[in-house]
Amino acid sequence: MSRVGRARALPGLALGLAGVLYSSWLIGPLLNPAFGLLDGYASELAARDQPYHLVFGLGDLAVGALASATGLALARRAGGWLRWAWWGLVAFGAATALDGTVSSMDCAPSADARCARLAELGALSWRDQAHSVSSSVAIAAALASLLALLLGRRDRRASFRWGLAVAAVLLVGTAGTLVELTHPDAALGAWQRVQLLGLSGWLVYTGGIVAMPGDTGSWAG
């Protein structure tokens, strides 16, 4: 493989792997039967009182490291909208790494009534309270990165259409999650999983763009 080929393949593979790892919630019911595929927040699987929480926390850390490192490498060579896309990827990676480590949740409120009560009283640790901030930053950064990527590739019709499809899934999932936060019911987990699928799709889509042969300038601006 030529140097140019490796320069495209490695970042693309890194982002593809990040997209797969970000779907670790799919194995949640196998490792933690207290949660079904659509029960509560996926981040509750990484709560520090849950079994196998390190699996999910380290998964977020790996995703964050891959996204941040790849974003930094690409941002150095990019210009225009693509530079903003890669810096958004860096911000997403940093926030996601925090999600799984420093700002992981203390406990799982959807599975533990005592934890839910403590959360209502604001009696959980600062780390738990910081989780909502790091998660919100990760989502906002991903949306900004995807928007910038679409603006930078609006002249490439096929790729642009795929990006719009990913954006639609991510926006629908995010909107549904926000609505459920204000009027919670049993559908919260379902909407957040749609959002997570959109985020994984964004990472894989971005990796495909970076690795795509013959797409001169697609990632370097």
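Residues numbered from 1 in each chain as written. Predicted model: local features only at pLDDT ≥ 70, side-chain atom pairs only at ≥ 80, totals over all residues. Heavy atoms only, no water.

Here the focus is the environment of Ser159. Examined against the element boundaries, Ser159 turns out to sit in helix H7 (residues 157-182). In this structure the C-alpha to C-alpha distance between Ser159 and Leu124, which are 35 residues apart in sequence, comes to 44 Å. Residues within four places of Ser159 in sequence aside, it is in contact with Arg153, Tyr205 and Ile209. Side-chain polar atoms of Ser159 contact the side chain of Arg153, separated by 3.0 Å. (Helix = DSSP H or I, 4+ residues; strand = E, 2+ residues; numbered from the N terminus. Contact = heavy atoms within 4.5 Å. Polar contact = N/O pair within 3.5 Å; in protein donor to acceptor, adjacent residues only side chain to side chain.)

Here we take up helix H3 (residues 53-75). One full turn of an α-helix is made of 3.6 residues, so residues set three or four places apart face in the same direction. When the terminal C-alpha atoms of H3 are compared, their 33 Å separation across 23 residues agrees well with the 33 Å that a helix rising 1.5 Å per residue should span. Residues of H3 that are buried include every one of Phe56, Gly57, Gly59, Asp60, Val63, Gly64, Ala67, Ser68, Thr70, Gly71, Leu74 and Ala75, and no others. (Expected span 1.5 Å × (residues − 1). Buried < 20%, exposed > 50% of the residue type's maximum accessible area, 1.4 Å probe, protein only.)

Now for unusual backbone geometry. Here the phi dihedral of Tyr52 falls at roughly 60°; this positive angle occurs in a residue that is not glycine. Assignment of secondary structure puts Tyr52 in the loop between helix H2 (28-31) and H3.

What follows deals with the packing of H7 against helix H8 (residues 188-211). Contact pair H7 / H8: the axes reach a minimum separation of 8 Å and the direction vectors enclose 155°. As far as their axial angle goes, H8 and H7 are roughly antiparallel. In this structure, H7 crosses over H8, and the sense of that crossing is left-handed. (Axes fitted to C-alpha atoms, helices over the stretch in contact; angles between N-to-C directions. Parallel < 35°, antiparallel > 145°, perpendicular 65-115°, else oblique. Left-handed = near helix turned anticlockwise from the far one by under 90°.)

Enumeration according to the criterion identifies two salt bridges in this entry. As a salt-bridge pair, Arg48 and Asp106 come within 2.0 Å of each other at their nearest N and O atoms. Taken as a pair, Arg48 in the loop between H2 and H3 and Asp106 in the loop between helix H4 (80-100) and helix H5 (113-121) lie far apart in primary sequence, 58 residues in all. (Salt bridge = Lys/Arg side-chain N within 4 Å of Asp/Glu carboxyl O.)

Here we come to the packing of aromatic side chains. To describe a pair of aromatic rings, one takes the distance between the centres and the angle between the planes. Scanning the entire structure with this criterion turns up two aromatic pairs. Judged by centre distance (5.7 Å) and plane angle (65°), the rings of Tyr22 and Phe92 are edge-to-face. One end of the pair, Tyr22, is in the loop between helix H1 (3-21) and H2; the other, Phe92, is in helix H4, with 70 residues separating them in the sequence. Grouping aromatic residues by their ring pairs yields a cluster made of Tyr22, Phe92 and Trp202. (Phe/Tyr/Trp six-rings, centres within 6.5 Å; stacked < 30°, edge-to-face > 60°.)

That's the geometry; what it means functionally is another story.
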